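Each chain, written out:
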Amino acid sequence: MFFIAVLGVVLGSIKWAVYHLRAWHVLLMAVVPLPFVAMTAGWVFREAGRQPWVIYGLLRTRDAGSALSTGQLRLSLTVFGALFVLLIAVNWWLLLRAAGRGPSGVALGTDDRSEDGSYDPPLPVHSY
């Protein structure tokens, strides 16, 4: 990621590359998920094989276990899983709604209220 960033700074300072170097644009789009992958992989590798709730030398693993039954643990996992699925669905819906409006659908820093104080939202602009 560091070398791609350096390459981006170098190519970004060349006007011809900014307007005509399609391979660079494709590379920049392809590396968008890399920070998320690196962050998640770092977290997984750090936490794998580790028990963060156990204090080394003070609390043993067998003493740190939960007193919940199997059914309670399954219910907890199901509820948290359903909540995360709901949050993911709402996130995607909001992202798709914002993307469908296009760049002209977002006017940051403008006041959309009319003279009488009522709000009349702008209609989305679609170019099909």
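Structural data are supplied above this passage.
Calculation criteria
Throughout this description, residue numbers start from 1 for each chain and increase along the sequence as written. The predicted nature of this model means local features are confined to residues of pLDDT at least 70 and side-chain atom pairs, given and counted, to a pLDDT of 80 or more, with totals for whole chains, interfaces and linings taken over all residues. Heavy atoms throughout the structure, all of them, feed into the side-chain values; hydrogens and water do not. Here a helix means four or more residues in a row that DSSP labels H or I, a strand means two or more in a row labelled E, and each is numbered from the N terminus. Buried means the residue's accessible area, taken with a 1.4 Å probe over protein chains only, is under 20% of the maximum for its type, while exposed means over 50%, and partly exposed covers the values in between. Whether two residues are in contact is decided by their heavy atoms, any of which lying within 4.5 Å being enough. Each accessible area value is a Shrake-Rupley result obtained with a 1.4 Å probe; residue values ignore everything except the protein chains displayed when judging cover. Residues with no salt bridge and a relative accessible area higher than 30% make up the patches, which join like charges within 9 Å and nonpolar side chains (Val, Leu, Ile, Met, Phe, Trp, Tyr) within 5 Å. Salt bridges, as used here, are contacts in which a Lys or Arg side-chain nitrogen is within 4 Å of a carboxyl oxygen on Asp or Glu. Each pair of aromatic rings taken from Phe, Tyr and Trp, with Trp reduced to its six-membered ring, is defined by centres within 6.5 Å and is described as stacked if the planes are under 30 degrees apart, edge-to-face if over 60, and tilted in the remaining cases.

Draft legend 1. Examining the overall build of the chain more closely. Summing up its helical and strand segments, the chain has five helices and zero strands in all. Taken from the N to the C terminus, the helices and strands of the chain come in the order α-α-α-α-α. Every one of the 128 residues in the chain was classed for burial, and the buried ones make up 6%. Sequence separation of 24 or more characterises 20% of the internal contacts of the chain that already satisfy a separation of 6 or more. Working note: accessible area of the chain is about 11,600 Å², and carbon and sulfur atoms make up 70% of it.

Draft legend 2. Looking closely at a nonpolar patch on the surface. Residues Leu75, Val79, Phe80, Leu83, Phe84, Leu86, Leu87, Val90, Trp93 and Leu94 make up a contiguous nonpolar surface patch of roughly 1,000 Å² in combined accessible area. As for its position among the elements, leucine 86 is in helix 5 (residues 70-101).

Draft legend 3. The arrangement of the packing of aromatic side chains in detail. Inspection of every chain in the model, using the stated rule, returns one aromatic pair. Ring centres of phenylalanine 2 and phenylalanine 3 lie 5.6 Å apart, and the angle between their planes is 70 degrees; on these two criteria the pair is classed as edge-to-face. The same class applies to phenylalanine 2 and to phenylalanine 3, which are both exposed.

Shape descriptors only; they carry no functional weight alone.
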